[in-house]
Amino acid sequence: MILLVEQLQKPTHLSIEIESRECDLPADIGKVTAPILLDADAEKIQTEVRLTGRIRAQIEMTCSRCLRQYQERIDEAFEVMYLPHREPEHHADEVELTEEDVNVSYYHDEAISLIELVREQLLLWLPVKPLCREDCAGLCPSCGQDLNEGACRCAEQPKDPRLAVLGKLLQPRVEHKI
């Protein structure tokens, strides 16, 4: 889906349903499981194009604690300013970005890819450490039992002999009277 910049003569409302297969995410991040809804307003100001709107999506992700598959629902607003692509003036190793730079993208050949816009926004909103729920207990490090289903039957973890001295600090003190 392409938005042609030259055809934006007046503010335009876009309401688009994007099929899940059109907006692929990296396999290790997640899989889009339902059509994505893009509801946006596009406005051209000279050579700049401002897109504001909302994206709704459903992503199947893997919980980072218990490794279960779960559905992450996205319903977020966005605002992106598109500028014509231009070659950088200088090639510095490091460039400091301002807060406004974070919401700026560049278009090529008078066209803006709405699929790329949606993919970028989804990647920004998805959690870095996905959790099926906030209180997910995860897996037992010894036997792999899902601790959300109940406690495992592992023996108590062996104590590190190097820390035995610290364990003595927790024992009640016995006073000797002379």
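Up top is the structure these notes are about.
Residues numbered from 1 in each chain as written. Predicted model: local features only at pLDDT ≥ 70, side-chain atom pairs only at ≥ 80, totals over all residues. Heavy atoms only, no water.

S.K.: Please explain the overall build of the protein chain as it appears in this structure.
M.R.: When its secondary structure is counted, the protein chain shows three helices and eight strands. Written out in order from the N terminus, the α and β elements of the protein chain read β-β-β-β-β-β-α-β-β-α-α. Carbon and sulfur atoms make up 50% of the accessible area of the protein chain, which amounts to about 13300 Å² in all. (Helix = DSSP H or I, 4+ residues; strand = E, 2+ residues; numbered from the N terminus. Areas by Shrake-Rupley, 256 points an atom, 1.4 Å probe, with all protein chains shown as cover.)

S.K.: Is there a simple way to explain a nonpolar patch on the surface in this structure?
M.R.: There is a patch of nonpolar side chains on the surface, built from Leu163, Leu166 and Leu169 and spanning about 330 Å² of accessible area. Among the residues examined, Leu169 registers a relative accessible area of 65% and is labelled exposed. (Patch = residues over 30% accessible without salt bridge, like charges linked within 9 Å, V, L, I, M, F, W, Y side chains within 5 Å. Salt bridge = Lys/Arg side-chain N within 4 Å of Asp/Glu carboxyl O. Buried < 20%, exposed > 50% of the residue type's maximum accessible area, 1.4 Å probe, protein only.)

S.K.: Would you mind going over the pairing of strand β6 (residues 69-84) with me for this structure?
M.R.: For a regular strand, side-chain orientation follows a simple rule: the groups alternate between the two sheet faces. Relative to β6, strand β5 (residues 48-62) runs antiparallel, the two being bridged by 14 bridges. Counterpart to Glu60 in the pairing with β6 is Gln71. From the end of β5 to the start of β6, which pair antiparallel, there are six residues, and Leu67 there has a positive phi angle of about 65 degrees. Relative to strand β7 (residues 104-107), β6 runs parallel, the two sharing four bridges. If you follow Leu83 over to β7, its bridge partner there is Tyr106. (Pairing = 2+ DSSP bridges.)

S.K.: Where do I start with the side chain of Arg119 in this structure?
M.R.: Along the polypeptide, Arg119 turns up in helix α2 (residues 114-125). Within the structure, Arg119 has its side chain in polar contact with the side chain of Glu116 (distance 2.6 Å). In contact with Arg119, not counting residues within four places along its chain, are Glu22, Cys23, Asp24 and Leu25. (Polar contact = N/O pair within 3.5 Å; in protein donor to acceptor, adjacent residues only side chain to side chain. Contact = heavy atoms within 4.5 Å.)

S.K.: Looking at this model, I keep getting lost on the environment of Tyr107. Mind explaining?
M.R.: Tracing the chain through its elements places Tyr107 in strand β7. Looking at Tyr107, the relative accessible area reads 4%, which means it is buried. Taking the C-alpha atoms as reference, Tyr107 lies 9.2 Å from Val49; in sequence the two are 58 residues apart. If we ignore the near neighbours within four places in the chain, the residues touching Tyr107 are Val5, Thr47, Val49, Tyr82, Leu83, Pro84, His85 and Ile112. At 2.6 Å, the side chain of Tyr107 forms a polar contact with the backbone oxygen of Thr47.

S.K.: Looking at this structure, how should I read the state of the cysteines?
M.R.: Note: disulfide means a covalent bond formed between the sulfur atoms of two cysteine side chains. Counting across every chain of the model gives zero disulfides. As a non-bridged cysteine, Cys140 has Cys152 as the owner of its nearest cysteine sulfur, 3.5 Å distant. Given a relative accessible area of 8%, Cys140 falls into the buried group. (Disulfide = S-S within 2.5 Å.)

S.K.: Hey, could you run me through the pattern of salt bridges in this one?
M.R.: Think of it this way: side chains of opposite charge can pair up when their charged atoms draw near. Summed over the entire model, instances satisfying the criterion amount to eight salt bridges. A salt bridge links Glu19 to Arg21; the nearest nitrogen and oxygen atoms lie 3.9 Å apart. Looking at Glu19, the relative accessible area reads 29%, which means it is partly exposed. Here Arg133 and Asp135 are joined by a salt bridge, their closest N and O atoms 2.8 Å apart. Judged by its relative accessible area of 56%, Asp135 is exposed.

S.K.: I tried to follow the pairing of strand β4 (residues 36-45) on my own but got confused; where do I start?
M.R.: Pairing between strand β2 (residues 12-18) and β4: seven bridges, direction antiparallel. The residue bridging Leu14 from the neighbouring strand is Ala40, located in β4. In this structure, the hairpin formed by β4 and β5 is closed by a connection of two residues, where Gln46 is found at a positive phi of approximately 60 degrees.

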